[in-house]
Structures are given as structure tokens and as C-alpha cells.
Amino acid sequence: HGKIIVASVDENLKGAGHVYALDGKDGAILWSYPVRNSIKNSITIDSNIVFAQDAQGLLYAIDIETGKLCWEKQLPVNGLPALIDGLVAGEGVVYAGSGKGLCAFEARTGKLLWKNEEWGQGEGTTSTLTLGNNLLVVGAQWNALYCNDTQTGKKLWAASDNGLRNRGASPAMHGALLYLISDKSFFILEAATGKVIVRKPLPYNVDVTSTPLLTDKEIIFGSAQKGMIALDRETLEEKWTCPVGDALIYTCPYSRKPSATIETSAVWAGDTVYVAASDGTVYGIDKENGKVVWKYAVGAPVFGSVALSGNALVVTDFGGNVYLFGK
């Protein structure tokens, strides 16, 4: 489409929250759609429709070409804590909400396909829904990591032991496995059963929202105080760490100076992984040795993951700016 779609927060309920479409060439605003409350996490696109959920549980379906509302739903979530989860869509279905407000809708029509009845909403949960293999993997902070069948909505498993209940990050699904960080550990789980295959204790706090990136040789994720971490994909031994600057805003529980925090997930292109940090800088890191090969200071913390599209890198910062970098 040549568009960049972003969403904004409105912490004072002054009507400032919007979903925006920007022209990928020059950043001009093509359309904006006003939302009732802050959009705190990932938005998604399916069937040429942009989907976003706001903090009070309103789900918006917006036509990507015109910016007009296709449909909206009030998700049956609790009023508090606020809905700060990210949603997901695929194959004509959008999955949104949390707990007993977790629902699947037909993307084009908004028709309710199923509603979760088997587990409740947690505290404010910063994870994004993970979709694959007819499985929907969902976190509920302080409760568990859950998996529901995408066809029926039935709960297939819950995993809460070994620190998995204390988890703001989202898992990455690769084949039959889930890769995630939680409670000072790196985990590999069997996606169909929730069985823990690997739990590797780490010597640093990973209570961040970073989803592990799997490259050909590495598993790469952010941390609360040690910047970027890479494990060898075969041995799971630490391959390198890449420190970043001190966070401009402290977002990790119980963190204080020095906190080289990365809340976001990395992306991979060629020999370089790109990531944005809470120190207000975007980094290009050599994936073999962890050395910084490129960086750009935007001056405000970045809490949304960078996006790659062709030769372009898109970054949004906490100051409300959108950046496009060419490779």
C-alpha cells in the first residue's frame, strides 16, 4: 500500500488519540481516525483492514484505503486494569481482548466467531497475542501463559510454573516451538502442549516486552539493564551482549540507574539486526559479534518495535514522531 500505519495515546482523554495513515514517501498524513482512548500496543492489518484496540476495550476496524470505520465492537473486558495488550489477525480473522473478553471476529464483517470462557483477565498485560498452527497464545500477567484453539476458542493449556506467570513479553512461534523470556530466564516451550523443553536461567533481568528474534545462528532479545543479548542458537550459550545507554524513562519493575533497557523486539536484515532502545537511540548491530555498526539518536524513548519494509526502516518514538530510514 505504500502506507505507514501508526496509533497514538491520549492519556488526558482530550480526544487526541488516533490511528494515522502516513504516505511512505514523504510522511504526509493520508487519513486519521479518532479513537476514544489510548492505543497502548500493537495494531495489525488483515483483509485491507486496520485493527486497533484501545485501553477501554473498544476494537476498531478501519479501511486501510479510506480511513473510514468498517465496524467497531466493545470488547467484554474489565474496565480496570486497562487493556494494554496487542492484538493479532490472520486468514480473515481478528483476535482481540483478554481474559473472558478475548474474542475472535470475522475480519470483514465483525461477526463474533467465539469468546473465551475458560480463563480470566490478569493485571495490565503488555504482551501481544501470538498466532500460528491454529493456536492462539495469550499472556495474562500474574496468572499464566494460555493457549486457545483458534477454531473453537477452547483453552488447550496454561503454563504458570518456573516464572511463566510473571511475564510481559510475547513468545515467538517457530514451527512447533515457542521462544520467550520471563523472570530472568529464556524458555523454549512446545506450542501444542505448553510443556517446557528448555529453561535457561540468565544472569540479568529480562522483565521487558522484547520478543526473541531467531536468526540463522542467534536468538536475540532485549533486557532490562544489559542492553541486547544474543544466545547461540545451537548451544544456547551467550554469544554476545550489546550495551546501550541509560533509559530516559524507567519502565521495568524495580529498575534504576544504570538501566540499559530495551523493551522492543529486534528485526533482521542481512548481517545486521536493528532495534530501538529506551535511551532514545535506534541501533544497527552486527549479528555475529554484537558491535554497533550504525546508530541514530531520536531523543525520546522508543517502546514500539521498529519495522522493516523493503529497504526502509520505520521507527516511532514516545515523543510522537515517525522516522523512515533508507538502507
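Quick caveat: nothing in here was measured; it's all calculated off a predicted structure.

Colleague: What is the right way to look at the sheet that holds strand 26 (residues 281-286) in this model?
Modeller: Backbone-to-backbone hydrogen bonds join strands into a sheet, with any given pair of strands oriented parallel or antiparallel. With respect to topology, 4 strands assemble into an open sheet ordered 24-25-26-27, the strand pairing being antiparallel. The two strands at the open ends of the sheet, each matched to only one other strand, are strand 24 (267-269) and strand 27 (292-297). For this sheet, the mean angle separating the axes of adjacent strands, direction not counted, is 20°. With 5 bridges connecting them, strand 25 (residues 272-276) and strand 26 associate as antiparallel partners. Counterpart to Val273 in the pairing with strand 26 is Ile285.

Colleague: Is there a simple way to think about the pattern of salt bridges in this case?
Modeller: Side chains that differ in sign of charge can pair as their charged atoms come close. Under the counting rule described, the total for this entry stands at 11 salt bridges. Asp216 is paired through a salt bridge with Lys287; the nearest N and O atoms lie 2.6 Å apart. Here Lys287 lies in the loop between strand 26 and strand 27 and Asp216 lies in the loop between strand 20 (213-214) and strand 21 (218-222), a separation of 71 residues in the sequence. Its relative accessible area of 3% is what places Lys287 among the buried residues. Of the charged contacts, one joins Lys239 and Glu288 as a salt bridge, the two residues approaching to 3.5 Å between their closest N and O atoms. Note that Lys239 is positioned in strand 23 (residues 238-242) and Glu288 in the loop between strand 26 and strand 27, a separation of 49 residues in sequence. A relative accessible area of 38% places Glu288 in the partly exposed class. Put simply, Asp216, Lys217, Glu218, Lys239, Lys287 and Glu288 are held in one network by salt bridges that share partners.

Colleague: Explain the pairing of strand 7 (residues 69-74) to me, please; I cannot follow it from the model alone.
Modeller: For a regular strand, side chains alternate in direction, first toward one face of the sheet and then toward the other. By the bridge criterion, 5 bridges tie strand 6 (residues 58-63) to strand 7 in an arrangement that is antiparallel. Across the sheet, Leu58 pairs through a bridge with Gln74, a residue of strand 7. Following strand 6, the chain reverses through 5 residues before pairing antiparallel with strand 7; Gly67 in that reversal takes a positive phi of roughly 75°.

Colleague: Please explain the nonpolar core as it appears in this structure.
Modeller: Ile181, Phe186, Ile219 and Phe221 are the most contacted members of the largest nonpolar core, which has 17 residues in total. Those elements that provide at least two residues to this core are strand 17 (177-182), strand 18 (185-190), strand 21 and strand 22 (228-232). Those residues in contact with Ile219 that lie beyond four places of it in its chain are Tyr179, Phe186, Pro212, Leu213, Leu214, Ile229, Ala230, Leu231, Arg233 and Leu236.

Colleague: Just checking my understanding: could you explain the sheet that holds strand 11 (residues 112-115) for this structure?
Modeller: The strand order across the open sheet formed by 4 strands is 8-9-10-11, and the pairing between neighbours is antiparallel. A single partner strand is all that each edge strand has here, and the edge strands are strand 8 (88-90) and strand 11. Neighbouring strand axes in the sheet, compared pairwise and without regard to direction, differ in orientation by 15° on average.

Colleague: What exactly am I supposed to notice about the packing of aromatic side chains here?
Modeller: Where two aromatic rings form a pair, the distance of their centres and the angle of their planes describe that pair. Summed over the entire model, instances satisfying the criterion amount to 13 aromatic pairs. Measuring from centroid to centroid gives 5.7 Å for Trp71 and Phe105, while their planes differ by 50°, and the two rings are tilted. Of this pair, Trp71 sits in strand 7 while Phe105 sits in strand 10 (residues 103-106), and the two are 34 residues apart along the sequence. What makes Phe105 buried here is its relative accessible area of 5%. Seen in terms of ring centroids, Phe186 and Phe221 are 6.0 Å apart; in terms of plane orientation they differ by 5°. Their pairing is stacked. Here Phe186, found in strand 18, pairs with Phe221, found in strand 21; they are 35 residues apart in sequence, far enough to count as distant. Accessibility expressed as a relative area gives 0% for Phe221, which makes it buried.

Colleague: I'm lost on the side chain of Thr44 in this one. Help?
Modeller: Relative to the assigned elements, Thr44 resides in strand 4 (residues 44-46). Other than its neighbours up to four places away in sequence, Thr44 contacts Ile49, Val50, Phe51, Leu87, Val88 and Ala89.

Colleague: I'm lost on the pairing of strand 14 (residues 144-149) in this one. Help?
Modeller: Where burial is concerned, most of strand 14 is hidden: 5 out of the 6 residues are buried. Pairing of strand 13 (residues 135-140) with strand 14 involves 6 bridges; the strand directions are antiparallel. If you follow Ala140 over to strand 14, its bridge partner there is Ala144. Where strand 14 and strand 15 (residues 155-159) come together, 4 bridges link them in antiparallel fashion. Among the inter-strand pairings, Asn148 is bridged to a residue of strand 15, identified as Lys155. Between the antiparallel neighbours strand 14 and strand 15 lie 5 residues, among them Gly153 with a positive phi of about 85°.

What counts and what doesn't
The numbers attached to residues start from 1 for each chain and follow its sequence in the written order. Local features in this predicted model are restricted to residues of pLDDT 70 or higher, and side-chain atom pairs are both shown and tallied only at a pLDDT of 80 or more, whereas totals for entire chains, interfaces and linings draw on every residue. Hydrogen atoms and water are omitted, and side-chain values are computed over all heavy atoms in the structure. One bridge is not enough; two strands pair if DSSP finds at least two bridges between them. Think of it this way: any DSSP run of H or I at least four residues long counts as a helix, any run of E at least two long counts as a strand, and we number them from the N terminus. Whenever a helix is involved, its axis is fitted only over the stretch in contact; in every case the axis is a line through C-alpha atoms, and angles between N-to-C directions fall within 0 to 180 degrees. The salt bridge criterion pairs a side-chain nitrogen of Lys or Arg with a carboxyl oxygen of Asp or Glu, the two atoms within 4 Å. Per-residue accessibility, obtained with a 1.4 Å probe over protein chains only, is compared with the maximum for each type, and a residue is labelled buried under 20%, exposed over 50%, and partly exposed between these values. We call a set of buried Ala, Val, Leu, Ile, Met, Phe, Trp, Tyr and Cys residues a nonpolar core when their side-chain atoms join them within 4.5 Å. In what follows, a contact means two residues having at least one pair of non-hydrogen atoms within 4.5 Å. Side-chain rings of Phe, Tyr and Trp, where Trp is taken by its six-membered ring, are said to pair if the distance between their centres is within 6.5 Å; with planes under 30 degrees apart they count as stacked, over 60 as edge-to-face, and otherwise as tilted.

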